[in-house]
Structure formats: structure tokens, C-alpha cells
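# Structure assessment
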Amino acid sequence: MSLYITTPIYYVNARPHLGHAYTTIIADTYSRFKRLCKEDVRFQTGTDEHGDKIAEAAQTAGIHPKEYADRISSMFREAWPSLAIRPDNFIRTTDEHHVQTVQKILQKVHDQGDIYLGSYSGLYCRGCERFLTEKELVDGKCPDHQTAPTPISESNYFFRMSKYQDWLIDHIQKNPDFITPERYKNEVLSFLSEPLEDLCISRPKSRLTWGISLPFDDDFVTYVWFDALINYITGIGYPDSEKFSGYWEVAEHVIAKDILKPHAIYWPTMLRAIGLAPYKRLHVHGYWNINEAKMSKSIGNVVRPEALLQNFGVDTVRYFLLREMSFGLDASFSDENIIARQNSDLANDLGNLFSRALTMINKFANGIVPAPADLEPADKELAGAAVNMVTEYTAQMNNFAFNRALQAVWAIISLANKYIVSSEPWVLAKDPAKTDRLKTVLYNLAETLRLIGLVLTPVMPETTLKMAMALGSTEDEHSRQNLVDHGEWGLTAPGVKINLGPSLFPRLEKKVGAPTKDGQKKMKEMSPKSKEAESDAGLVTFDDFKKLDLRVAEIKTAEKIKKSDRLLKLTVMAPEERTLVAGIAEYYKPEDLIGRQVIMVANLKPAKLMGVTSHGMILAARDEQGRLSLSALAGGVTPGSKVS
Ligand code: ME8
């Protein structure tokens, strides 16, 4: 059996954040799981580098789009190893092979009559890079980007997507696993219950040049989605490579619900037109939210993976993301939630079981795993539950129910902790007549831990290596473990020498940075600069300053907030539209603010003021008399430019 798993290719208009990391960790965990099942796996991620958004971001940065794309693409590529993500291929849509293949495909689909020239009027959302239907708008705005789409009319090329509608409905109905979880399948079917329109797949070069030229009309570039989706086949060498024929039939895509439509509707119909089979499965997850708002670069409320890694370490971050989100539904991110998971699940349950069991083997059996003697009911219960856990875990992982797979593992951790309490090895150790019983209990604990370490390998690669080595394995042996040959009970060889090491996970105080007794080491690592900071009290370093994302914001609208004398609600462009609340109503009339360029703190945590959520703060000065004056620029700067 084999697997080809992909993530979306991420836009290079902003650095990676936790949302991107989540999808990529899911794909990595699943590919590690399948390797653990001895399957042949190919895992691909990459970057999406053409289109409006990138051209705009490059313009703001004042550099050529390719240079801009190179810069951000390498940030994605470099972010993954530190999260223990190991893709087999990193594709970029500016890769030569990709560009040429997209053109070949366009030519073929055009030649067979599935692409035609027409004219189009529609409502275009720059954030989504697609035309939206009236139905999709909420209060006249794109619900994902909170911006009003722009009406556009122009000549363009169209893909005859409508021609494949009936086929697609039939395919989805006949293959119940094609789109999962089911809610998203239903969403797609409900969308398909209305007539499907053809897809506009070009942009005139008068409006956008940063894209792949249409091979049959040089006045146009390819619509970024038509270009981007094809990455899934160019990345495995379509059309000529042997890899392609082996992997395409086992392709599974992982995405979030924001890009369901392109993946569930455009892509299968495109594949049909190209003459290829559809992918095997599409896995759709929900959003990571912060204070109920989707974490997104356009809102600016993003969490950076590097900050989390510094505070919590890679395995805690991976475990948290997989355990906390029920795949398909939204989940809420906060430091408190991670700390709670680390303390209860990792330090308390897993960490304690591990250190108690190893300490007892060390103390009561000279650090050597003893041979078990006759089994009592409690032993059989533990062994049976451990084997059932492996089965349950495997089924849930295959279903993309990562949180349930982990729940099954934690059930056995809890049972093993109870087994220690009820079998009281410390009492057995005092009675020479109970030596056999003691040996059995210690063996069973070592064996349970081996199986727990084995199934957790795809989720927590570092911790499980530590566990395996503490249980007497070498790194090489550990890397060859798999569920097919090693998922049974009783494979720990009696006589193996264990190696007591430091505890697996420290306990963390609620507020990151305040050490507890056993968390001390970790906390020191978290604030390596604390001494320096103390002696420089009052001064900030350049690194501190860099944490602030200061941007030029241009005020588009301003209005008083009802029931407040102080607050104004502003919409600004920076360069995306966002809403701010500013306490300046006593000093500025709303109409006097329109068109002004001010300085905004763009990466401030969103805050709700009088019912309006503010996604940033504008800078102002207040003198001793309490008079207030807004920060201002001389004008003429591109909104969104960085202030440094
Ligand atoms: O859409 N919660 O790229 P993109 C969970 N280039 N996942 C999130 C998230 C959140 N708050 N925010 C982002 C594109 N993601 C296109 C894709 S594929 C042929 C082209 C993740 O950079 C999630 O995987 O906007 C989502 O689908 C993806 O980032 C969107 O990334």
C-alpha cells in the first residue's frame, strides 16, 4: 500500500503562522503514521507564488515578485524542520517544470474545446482571489476577509466546469470517503444542487502580469487557482514520471475549510477535463481561532510557530494541536490551553507513568527489565487493553480522528497508572515471597510503555525517541519499529537494560516564564536573556522593538460608536482592510479623518471595545494638558508599508 499526501501550497504574501503549521503537522503526522504501518509514503508541501496577492505584497515591499516569493518561500521551507515536519518534496509554482506543465494542460483543455473566450462581470474578492456569488456575501462583504468585493467586468477565458457537474455529483455520491468529514461533503453537495457556472481561468495582463501566460493568448495570465491546483500532479512528475502513475491513485489532500470549493469542485472537474482520475480523499479541517476570530494574516491576529517552539518545545506543540482540535471543527488557541495540556496530559499522565515505572525498574530490579511470571487478571486486563488500544488508535488515525486516537492512548496511560497503584510494587519489593509478582508487574509496565511510545512516534518524534532509548533501544532500532511487526504484546526482551534519564516534560506555571520546582530547567531555557534584561532595565533591545509590527494605515471610514463619547470605529487599509477602535472621538471629527495616513500597531491582540473588535491600534501623542494628536505621515506612502 502507498500514500501520497499533500498540504495546500501556501501563499507567499506573509510568513508562516500556526494555521499553516497545523495543516502541515497533520500531513506530517499522517505520513509518519503510514510509514509506521510500513506503507510507502510521499508527502508534499510547498508555496503558491503567482497572482494578485503576491504582486501586491511585492509592490509594497518594493521588490520584484520573484525576489519576494524567493524570500517568503524559503521562510516556509525553513520553518518545517523545527516542527519536526519532513516533507519529501517542496514544490513552488514558479518551478520551471510546473510552469511548463500548466501551459501544456491549458493547451490540451483548450484544444479539446473546454476553454473558451467570454466576458465576465462579477464581484471579485482579492483575499480569496476569486469571484464571489451574491449568496456567499454576508452584509455585502466576503465573510472570510471582511471586505467588500470589487465589481469587475472584462473579457476572459473560461473553463467549462458546468459540463462536469453531473459527473462530479455522481462521483461524490458513489465515493462516500471522497470528501471528509461528512459535513463538508454535504456542503459541497448542497452547493452543487444549484447549476454550476463555468470558471474564469484568466486575468488580462493589463491588470496583472505576475502569472503563467496562457499558451494560446499572450495577453492573459492564468488564474492563480488553475495554476496552483495543478501543483499536486506536477510535484510527482506529471505527465512522464513513473512516480506519477504510482502515487496519483493514492493521493489525499489536507486543507482547511476556507479552500473547500477550489479543492472539491474546481480541482476534480479540472482533472476530469485533463483525463485523469480524481484524487482519492480530501480531508477538511476547521479554523484555529483566537478570541472567536479566525487566526489569519489579513486580520493580523496570528501566532508564530517559532514563539511556541521557544516556550513549549516541538512535541508539546504537535501534541496540543492534534489533541485539542477535533478534525473538521474549529478550535480555540491560547497559551493557557497549551499549558493545561502540557501539565495534565504530558507531565502528569505520561511523564509520571514513565518516570515511576523506570524508577521502580531501576530500584527494584537493578535497572534490568525482568522476565514476567504467571499472569493475574489485572495483568491480563492491562495487556488486553494495550493491544486493543493499538487497534483503536490505528482505526482512528486512518480516519483522521487524531484527537480520538490520542484519547485511546491516554486511556491506557491512565489504566497503567492505576495498575501501579493497585499492584503496589513498593510493597511487593519488601516481601521475598512476592518476587515473581514484582517481576511480572515491572515487565508489564515496561511493555505498556514500549507500546505507548510506539504509537506516539508519529505525533511526538523527539519524546518517543527518548522513551525508546530509556527503555534500552538504540536510535537505529527505534527507527525500524513499526506497527505491523511490533504492535503486539510481549515483545520487550527480558534482560534489557534501561537508562534512567531526565523527566520527559516539566510542569509549567500558568504564566509562561515563572518556574516551578521541576519546571526550572525548562524555564531557564525559555528566558535565556533574563539576566541581560535585568541589568538593562528600562531599555529595549532591537529584538524587542522588532516584535512590534508598525504599519502605515490609511483611514477609509470613521464613525462614532454608539453610547461612547470617546470611541470611534475606523476602517483602514493596511493594505488589507481592517477595523480599529480608537479613543479619539473627543479630538477628531469622523469626517476629518478620511484619507489620513497614520501609524498603526498591526500585531496587537484583537480587543473588543463597546461590542466592536479592534484589530490593531493607531499611535497618537498626548501632551501634559491632555491634548491628543494623531501620528501622521507626510502622505503618499503605500498603505501597509512597514514603519521602522
Ligand atoms: O489558500 N486555522 O494559501 P494560504 C487552520 N495558496 N488552518 C489555517 C488557518 C487557521 N486559522 N489559516 C490558514 C491558499 N490555515 C492557497 C492554497 S492549494 C492548491 C492553494 C491553513 O496561504 C489551512 O491549511 O491562504 C488553509 O487551507 C491554508 O492555510 C490557506 O493557506
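Residues numbered from 1 in each chain as written. Predicted model: local features only at pLDDT ≥ 70, side-chain atom pairs only at ≥ 80, totals over all residues. Heavy atoms only, no water.

## A few points about the sheet that holds strand 9 (residues 202-204)
Sheet strands associate in pairs through backbone hydrogen bonding, adopting either a parallel or an antiparallel arrangement. Taken in spatial order, the three strands make up an open sheet running 9-11-10, and their pairing is antiparallel. Edge positions in the open sheet fall to strand 9 and strand 10 (213-214), since each of these has one partner strand only. Relative to strand 11 (residues 217-222), strand 10 runs antiparallel, the two sharing two bridges. Residue pairing for strand 11: Leu214 is matched across the bridge by Asp217. (Pairing = 2+ DSSP bridges. Helix = DSSP H or I, 4+ residues; strand = E, 2+ residues; numbered from the N terminus.)

## Notes on the packing of aromatic side chains
Evaluated as defined, the whole model comprises 28 aromatic pairs. Between the aromatic rings of Tyr157 and Phe216, the centroid separation amounts to 5.1 Å while the plane-to-plane angle is 70 degrees, which identifies the pairing as edge-to-face. Pair noted here: Tyr157 is in strand 6 (residues 150-159) and Phe216 is in the loop between strand 10 and strand 11, with a separation of 59 residues, a long-range link. Taken individually, Tyr157 and Phe216 each receive the classification buried, so the pair is uniform in this respect. For the pair Phe400 and Phe402, a centre-to-centre distance of 5.1 Å together with 65 degrees between the ring planes defines the contact as edge-to-face. (Phe/Tyr/Trp six-rings, centres within 6.5 Å; stacked < 30°, edge-to-face > 60°. Buried < 20%, exposed > 50% of the residue type's maximum accessible area, 1.4 Å probe, protein only.)

## Details of helix 10 (residues 260-274)
Within an α-helix, residues lying three or four positions from one another point in the same direction, as the helix has 3.6 residues per turn. With 15 residues, helix 10 extends 20 Å from end C-alpha to end C-alpha; this agrees with the ideal 21 Å at 1.5 Å per step. At Tyr266, helix 10 is bent by approximately 30 degrees, the largest bend along its length, and proline Pro268 sits one to four residues beyond. Buried residues dominate helix 10, accounting for 14 of its 15 residues. (Expected span 1.5 Å × (residues − 1). Bend = angle between axes of the 7 residues up to and from the residue.)

## Here we look at a nonpolar patch on the surface
Taken together, the side chains of Phe542, Phe545 and Leu548 define a hydrophobic patch exposed on the protein surface, amounting to about 300 Å² of accessible area. Inspection of the secondary structure puts Leu548 in the loop between helix 23 (542-546) and strand 17 (550-560). (Patch = residues over 30% accessible without salt bridge, like charges linked within 9 Å, V, L, I, M, F, W, Y side chains within 5 Å. Areas by Shrake-Rupley, 256 points an atom, 1.4 Å probe, with all protein chains shown as cover. Salt bridge = Lys/Arg side-chain N within 4 Å of Asp/Glu carboxyl O.)

## Focus on the side chain of Asp198
For Asp198, the location among the structural elements is in the loop between helix 6 (182-192) and strand 8 (199-200). There is a polar contact of 2.6 Å between the side chain of Asp198 and the side chain of Tyr116. Within polar-contact distance, the side chain of Asp198 engages the side chain of Ser162 at 2.6 Å. Discounting residues that sit within four places of it in the chain, Asp198 has contacts with Tyr116, Phe158, Phe159, Arg160, Met161 and Ser162. (Polar contact = N/O pair within 3.5 Å; in protein donor to acceptor, adjacent residues only side chain to side chain. Contact = heavy atoms within 4.5 Å.)

## Comments concerning the site of the ligand
Inspection of the region around the ligand gives 25 residues, with Ile9, Thr23, Asp48, Asp258 and Met295 positioned closest. Contact between the ligand and His20: an oxygen atom at 3.5 Å from a side-chain N or O atom of the residue. Between the ligand and Asp48, the relevant distance is 2.7 Å, taken from a nitrogen atom to a side-chain nitrogen or oxygen of the residue. When the ligand sits alone it has 680 Å² of accessible area, and the protein chains cover 96% of it. (Near = heavy atom within 4 Å.)

## Digging into the pattern of salt bridges
Note that side chains of opposite charge can pair when their charged atoms are close. On inspection of all chains with the given rule, the structure shows 32 salt bridges. Each of Glu49, Lys66, Asp70 and Arg92 takes part in salt bridges that share partners, so that together they form one network.

## Some points on the layout of surface pockets
It is the rolling of a water-molecule-sized probe over the atoms that shows where space remains empty. Taken as a whole, the second largest pocket holds about 1,100 Å³ of empty space. If you trace the second largest pocket, you find 41 residues lining it, with Arg130, Thr133, Glu136, Phe191 and Lys261 closest to the centre. Looking at the lining of the second largest pocket, the elements with two or more residues in it are strand 4 (115-125), strand 5 (130-132), helix 6, strand 8 and helix 10. Looking at which element gives the most residues to the lining of the second largest pocket, the answer is helix 6, with five residues. Looking at the lining of the second largest pocket residue by residue, the classes come out as 20 nonpolar, five polar and 16 charged. (1 Å grid on protein atoms, 1.4 Å probe; cavity = no way out; pocket = protein on both sides within 12 Å on 5 of 7 lines; lining within 4 Å. Points joined across faces, edges and corners; volume = space filled by probe spheres on them. Nonpolar A, V, L, I, M, F, W, Y, C, P; charged D, E, K, R; others polar.)

## Here we look at the domain arrangement of the protein
By domain assignment, the protein separates into domain 1 (2-285), domain 2 (335-544) and domain 3 (548-630). Spacing between the C-alpha centres of domain 1 and domain 2 amounts to 41 Å. Across the contact, 15 residues belong to domain 1 and 15 residues belong to domain 2. Taken together, the links from domain 1 to domain 2 amount to one salt bridge. Between Lys38 and Asp485 there is a salt bridge, with its nearest N and O atoms 2.8 Å apart. One can count four residue pairs in polar contact (both at pLDDT 80 or more) joining domain 1 with domain 2. Mapped onto the side of domain 1 that touches domain 2, the elements with two or more residues apiece are helix 1 (18-36), strand 12 (251-256) and strand 13 (281-285). Sorting elements by how many residues they give to the side of domain 1 that touches domain 2 places helix 1 first, with seven residues. (Domains from an automatic or database assignment.)

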